[in-house]
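Here is what each chain is made of, one letter per residue.
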Amino acid sequence: MPGYFLGVDGGQSSTTAVIGDETGRVLGVGYGGPCDHVGAAQGRAKLAAAVRSSLRGACAQAELDADRTRFTSACLGFSGGPADKQSILREILQSDRILVTDDALIALTGATAGQPGLVVIAGTGSIAFGRNSLGRTARAGGWGYLFGDEGGAFWIARQALRAALRWEEGWGVPTALRAILLNFMISQNAPMRNMNDLLHRCYTAEFPRPRVASLSMVVNQAAEGGDPVALDILNAAARELALLAVAVRGQLFKTGEATLVAYTGGVFHSRILLARFRDWMASQAGVRVTAPVYRPVIGALLEAYAAAGLDRKDHLRTGAGKSTAPSGRGSLTL
């Protein structure tokens, strides 16, 4: 009977599941809704629904029965960590081994294809996570929007909103951010009279953290147009993210030791910020900066293989490709 392996990436915006066979061939991918916090009954139900949906989608594409398939090994990484999720997951899937971890580990494994190194993740929030050749891990950041997440999208948006408000109130540096932010809200069918109005709305349920964080794209727009305040914000964000990487590297690697540093997350879609981040990291002897080899869900699949004593990263690199969309059974790419 063939063996099947499962990797799941459960995040604040969506959940993705991927199934591979014992040779490392990717068979199917499925998608579900968000799943992060499970403290309340509603959160547990959301987690179960997201995992079930993604699992059924992956099984359907792999031509497997979602109710009867038993996995040799499964790894599931979640935003918010593994706490309180193990029992829920055992009710949803059948697997000889179930590894439940956080999203930073699977992002690292995917980004470096299982090699020693570290990854800087900058989406709504931010964190740096690494693992050395001895298997020791370390992190820096990831403490949420109140006490951390430096360089993340919410942090960038907050700096921009503050700068635009200061300019409006007459005690800040002139910036195009005010006009660009207000115009962006018009394009979102949420017109605001001024920054005072927008800031008040950001304190309401109408503007949850992800929506506020989405304003970071406006900062990049202003920076692309040459606005010095926006450029300063992106430069500061890049520096904060580089500092996280340096902190993790110092915990795991010797001074000057060759270190692979990968980056992932929507914030790095900014050409300006990525260039600044690369510049900051280039000042560190021995560092090699790279785009991620695989998405986090493939990192979860690689961890599932590793939990069963199998190393499939080389096969996945040559056989499964690196794109972001499925292309059919037998030639599926991620």
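Residues numbered from 1 in each chain as written. Predicted model: local features only at pLDDT ≥ 70, side-chain atom pairs only at ≥ 80, totals over all residues. Heavy atoms only, no water.

Turning our attention to the overall build of the protein. When helices and strands are counted, the protein shows 13 helices and twelve strands. Along the first, second and third principal axes, the C-alpha atoms of the protein reach 70 × 50 × 35 Å. Within the protein, buried positions represent 51% of all 334 residues. In the protein, the share of contacts with a sequence separation of at least 24, taken over all contacts with a separation of at least 6, comes to 63%. In the structure as shown, the protein presents an accessible area of about 15100 Å², 52% of it carried by carbon and sulfur atoms. (Helix = DSSP H or I, 4+ residues; strand = E, 2+ residues; numbered from the N terminus. Buried < 20%, exposed > 50% of the residue type's maximum accessible area, 1.4 Å probe, protein only. Contact = heavy atoms within 4.5 Å. Areas by Shrake-Rupley, 256 points an atom, 1.4 Å probe, with all protein chains shown as cover.)

With twelve residues, helix 11 (residues 271-282) extends 16 Å from end C-alpha to end C-alpha; this agrees with the ideal 16 Å at 1.5 Å per step. Three or more residues of helix 11 are buried, namely I272, L273, L274, F277 and M281. For helix 11, the secondary structure elements touched by its buried residues are strand 8 (117-122), helix 5 (153-169), helix 9 (216-224), helix 10 (228-252), strand 11 (259-264) and strand 12 (287-290). (Expected span 1.5 Å × (residues − 1).)

What the five strands build is an open sheet, ordered 10-9-8-11-12; its pairing is mixed. Strand pairing shows two members of the sheet lacking a second neighbour, strand 10 (137-141) and strand 12, which therefore form its edges. This sheet shows a mean twist of 20° between the axes of neighbouring strands, independent of strand direction. One ladder, built from five bridges, connects strand 9 (residues 126-131) with strand 10; its direction is antiparallel. Counterpart to A128 in the pairing with strand 10 is A140. (Pairing = 2+ DSSP bridges. Axes fitted to C-alpha atoms, helices over the stretch in contact; angles between N-to-C directions.)

The geometry of an aromatic ring pair comes down to the distance between the two centres and the angle between the two planes. Taken as a whole and assessed by the stated rule, the structure comprises four aromatic pairs. Aromatic side chains F5 and Y305 sit 4.6 Å apart centroid to centroid with 40° between the ring planes, which places their arrangement in the tilted category. Within this pair, whereas F5 is found in strand 1 (residues 4-10), its partner Y305 is found in helix 12 (residues 296-307), the two being separated by 300 residues in sequence. Of the residues examined, F5 reaches a relative accessible area of 2% and is grouped as buried. Here Y305 falls in the buried class, since its relative accessible area comes to 0%. Measuring from ring centre to ring centre gives 5.2 Å for F268 and F277, while their planes differ by 65°; the resulting arrangement is edge-to-face. Among the residues examined, F277 registers a relative accessible area of 0% and is labelled buried. (Phe/Tyr/Trp six-rings, centres within 6.5 Å; stacked < 30°, edge-to-face > 60°.)

On the basis of which strands lie adjacent, the open sheet formed by five strands has the order 3-2-1-5-7 and mixed pairing. Edge positions in the sheet fall to strand 3 (26-32) and strand 7 (98-102), since each of these pairs with one other strand and no more. Averaged over all neighbouring strand pairs, the angle between strand axes comes to 15°, with direction disregarded. As paired elements, strand 5 (residues 73-78) and strand 7 share five bridges and run parallel to each other. Each bridged residue has a counterpart across the sheet, and for G77 the counterpart in strand 7 is T101. Contacting strand 1, strand 5 and strand 7, helix 3 (residues 103-111) crosses the sheet at an angle of about 95° to strand 7. On the sheet, helix 12 packs against strand 1, strand 2 (15-21), strand 3, strand 5 and strand 7 and is oriented at approximately 140° with respect to strand 1.

Moving on to the nonpolar core. The biggest cluster of nonpolar side chains holds 59 residues, and the ones touching the most others in it are L177 and F277. Sorting elements by how many residues they give to this core places helix 10 first, with twelve residues. Excluding residues that lie within four positions of it along the chain, L177 makes contacts with A160, A163, A164, V218, V219, A222, D227, V229, A230 and I233. Of all hydrophobic cores here, the second largest spans 27 residues; its members include L6, V8, V51 and A62. (Core = buried A, V, L, I, M, F, W, Y, C linked by side-chain atoms within 4.5 Å.)

This part is about the environment of P228. Tracing the backbone shows P228 in helix 10. Take P228: its relative accessible area is 48%, and that puts it in the partly exposed class. Distance in space between the C-alpha atoms of P228 and P174 is 9.1 Å, their sequence separation being 54 residues.

Looking now at the environment of L244. The residue L244 is located in helix 10 in this model. Remark: the alpha-carbon pair of L244 and E150, spanning 94 residues in sequence, is separated by 8.8 Å.

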